[in-house]
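A structural walkthrough
Read off the chains here:
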Amino acid sequence: MPLHFEVSAKYVASGIRFTHIPAGARQVDWHTVPERVLTVRLDGSAEYQTSDGDERLVPAGSFVLFEDVDGKGHKSLHSPEEQTVLWISLPQGLENT
């Protein structure tokens, strides 16, 4: 029996970038993102804390939507090894194309 995958609609992305985080980066204090971005952690892990106290561990293979372009932002605690993160820049809404 053939396998059937469900695929969502296609959404607009204004760009993608790869971010290299060097080994030993560890803690990054409060900061915002320059634009609304979906990040996909390709290796390593990070723990994020938001300004409202939410804490989340994000292992390799996981993703996070960052929308904190204003205000206090979030802080990050990175695992000790070097890491690569894919950043997908998104418009304000997820409009189908």
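Before reading further, recall that the structure is shown in the block above.
An account of the accompanying structure is given in this report. What you are looking at is a predicted structure, and each value in this text was computed from that prediction instead of being measured. (Residues numbered from 1 in each chain as written. Predicted model: local features only at pLDDT ≥ 70, side-chain atom pairs only at ≥ 80, totals over all residues. Heavy atoms only, no water.)

**Quick notes on the sheet that holds strand β4 (residues 46–50)**
What holds strands together in a sheet is hydrogen bonding between their backbones, with the strands either parallel or antiparallel. To keep things clear, this is the line we draw: Strand pairing is assigned whenever DSSP identifies at least 2 bridges connecting the two strands. Elements are defined by DSSP. Helices are runs of H or I of four residues or more, strands are runs of E of two residues or more, and each kind is numbered from the N terminus. Structural elements are reduced to axes, namely lines fitted to C-alpha atoms, with helices fitted over the stretch in contact, and the angle between N-to-C directions of any two is expressed from 0 to 180 degrees.
Ordered by their spatial adjacency, four strands build an open sheet running β2-β7-β4-β5, and the pairing between neighbours is antiparallel. A strand with exactly one partner marks an edge of an open sheet, and here the two such strands are β2 (27–31) and β5 (55–58). The mean inter-strand angle of the sheet, taken between neighbouring strand axes irrespective of direction, is 15 degrees. Examined bridge by bridge, β4 and β5 share four bridges and lie antiparallel to one another. Within β5, the residue paired with Y48 across the bridge is R56.

**Focus: the sheet that holds strand β1 (residues 15–21)**
The sheet built from four strands is open, its strands ordered β1-β8-β3-β6 with antiparallel pairing. In this open sheet, the two edge strands, each paired with only one partner strand, are β1 and β6 (63–66). Averaged over all pairs of adjacent strands, the angle between strand axes in this sheet comes to 25 degrees, irrespective of strand direction. Pairing analysis gives seven bridges linking β1 to strand β8 (residues 83–89), with the strands arranged antiparallel. Paired with F18 across the bridge in β8 is L86.

**What to know about the pattern of salt bridges**
Formally: Any Lys or Arg side-chain nitrogen located within 4 Å of an Asp or Glu carboxyl oxygen qualifies as a salt bridge.
Per the counting criterion, the structure on display carries three salt bridges. Residues E35 and R17 are paired through a salt bridge, measuring 2.9 Å at the closest nitrogen-oxygen approach. Of this pair, E35 sits in the loop between β2 and β3 (37–41) while R17 sits in strand β1, and the two are 18 residues apart along the sequence.

**Digging into the pairing of strand β7 (residues 74–78)**
What counts here: Buried means the residue's accessible area, taken with a 1.4 Å probe over protein chains only, is under 20% of the maximum for its type, while exposed means over 50%, and partly exposed covers the values in between.
By the alternation rule, side chains of β7 split into H74, S76 and H78, which are all buried, and K75 and L77, of which none is buried. Summarising the sheet, β2 and β7 pair through three bridges and their orientation is antiparallel. Bridge pairing in β7 places H31 opposite H74. For β4 and β7, the ladder comprises five bridges, and the chain directions are antiparallel. Counterpart to Q49 in the pairing with β7 is K75.

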